[in-house]
Amino acid sequence: MAEFPAKVRTQTSSPAGAHGPARSALPSLALDRGFLRSFLGLLMVVELVLGLLVWALIASTYYQPIPAYGWVMFVAVFFWLVTVILFVMYLLQLQMKLSMIPWSIVLVIFNAAATLLYVTAFITCSAAVQSRIQLPGDYNKRAAASFFACIVMIAYGASTFFSFQAWKGFGSNAATSQVTD
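Calculation notes
- Residues numbered from 1 in each chain as written.
- Predicted model: local features only at pLDDT ≥ 70, side-chain atom pairs only at ≥ 80, totals over all residues.
- Heavy atoms only, no water.
- Helix = DSSP H or I, 4+ residues; strand = E, 2+ residues; numbered from the N terminus.
- Areas by Shrake-Rupley, 256 points an atom, 1.4 Å probe, with all protein chains shown as cover.
- Axes fitted to C-alpha atoms, helices over the stretch in contact; angles between N-to-C directions.
- Parallel < 35°, antiparallel > 145°, perpendicular 65-115°, else oblique.
- Left-handed = near helix turned anticlockwise from the far one by under 90°.
- Nonpolar A, V, L, I, M, F, W, Y, C, P; charged D, E, K, R; others polar.
- pLDDT = per-residue confidence, 0-100.
- Contact = heavy atoms within 4.5 Å.
- Expected span 1.5 Å × (residues − 1).
- Buried < 20%, exposed > 50% of the residue type's maximum accessible area, 1.4 Å probe, protein only.
- Core = buried A, V, L, I, M, F, W, Y, C linked by side-chain atoms within 4.5 Å.

**Things to note about the overall build of the protein chain**
- For the protein chain, the count of helices and strands is seven helices and zero strands.
- Ordered by position from the N terminus, the helices and strands of the protein chain form the series α-α-α-α-α-α-α.
- With an accessible surface of roughly 12200 Å², the protein chain has 67% of that area assigned to carbon and sulfur atoms.

**Observations regarding the packing of helix 3 (residues 39-59) against helix 6 (residues 138-168)**
- Here helix 3 crosses helix 6 at 155°, and the two axes come no closer than 8 Å. By the criterion of interaxial angle, the relationship of helix 3 to helix 6 is roughly antiparallel. The two elements helix 3 and helix 6 meet at a crossing, and its hand is left-handed.
- In terms of residue class, the contact of helix 3 with helix 6 is made up of 19 nonpolar, three polar and two charged.

**Some points on the confidence of the model for the protein chain**
- For the protein chain, per-residue confidence averages 83 on the pLDDT scale, and 77% of positions sit at 70 or higher.
- Confidence, read as mean pLDDT per element, is least for helix 7 (residues 174-177) in the protein chain (48) and greatest for helix 5 (residues 103-128) (95).
- In this model, residues 20-25 is a region of pLDDT below 50 whose contacts with residues beyond four sequence positions or in other chains number zero contacts.
- Low confidence marks residues 174-178, where pLDDT is under 50. Its contacts with residues over four positions away, or in another chain, come to one contact.

**Some thoughts on helix 5**
- Look at helix 5: 36 Å from first C-alpha to last across 26 residues, which is about the 38 Å you get at 1.5 Å a residue.
- Inspection of helix 5 places Trp103, Leu107, Val108, Phe110, Asn111, Ala114, Thr115, Tyr118, Ala121, Cys125 and Ala128 among the buried residues, and these make up the whole buried set.
- On its buried side, helix 5 packs onto helix 3, helix 4 (67-91) and helix 6.

**As for the nonpolar core**
- Val54, Ile58, Tyr69, Phe79, Tyr118 and Tyr156 are the most contacted members of the largest nonpolar core, which has 35 residues in total.
- Taken together, the elements giving at least two residues each to this core come down to helix 3, helix 4, helix 5 and helix 6.
- A total of eleven residues in this core trace back to one element, the largest contributor, which is helix 4.
- Excluding anything up to four places from it in sequence, Phe79 contacts Phe110, Ala113, Ala114, Leu117, Tyr118 and Tyr156.

**What to know about the environment of Val108**
- Position of Val108 among the secondary structure elements: in helix 5.
- Val108 sits in the buried class, given a relative accessible area of 12%.
- With 51 residues separating them in the primary sequence, Val108 and Ser159 have C-alpha atoms 8.1 Å apart.

Structure (structure tokens):
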């Protein structure tokens, strides 16, 4: 049986910043240019630009006396803000740092909800457009907002389709979807 050594040598290290440059708490953020070229990235850009047009056109009119436009404004602004957040997250690859969240399912649910609520917003906005408006120009702005709400609804529908495809893994085969560790 081996004897326990009489002397034990220990060595301590200095704090991280003492010998070299300190490391940043946040790793550098890199733009994902591939996301911008993907269908989901391009559709998010369309949703952002046209969704902004929807609520900006309605906000530029005197819509307060018509309760239907309150719903359209809520849907347009809410989904525009959430889409901005998701777009920035995917553009900067922040979803990779939050890997415990099933982002593919989150996108399917978000896009499906946005599609359904934009259907109601489009129908509401279209039904509320009246040619007898007190202020000139409000009719054209509300009609344009209705048109763009329809286009945004279609874009969210396409995003739902493509995010569902990504979630289920359609478009890939067994050779490309296997994990090799």
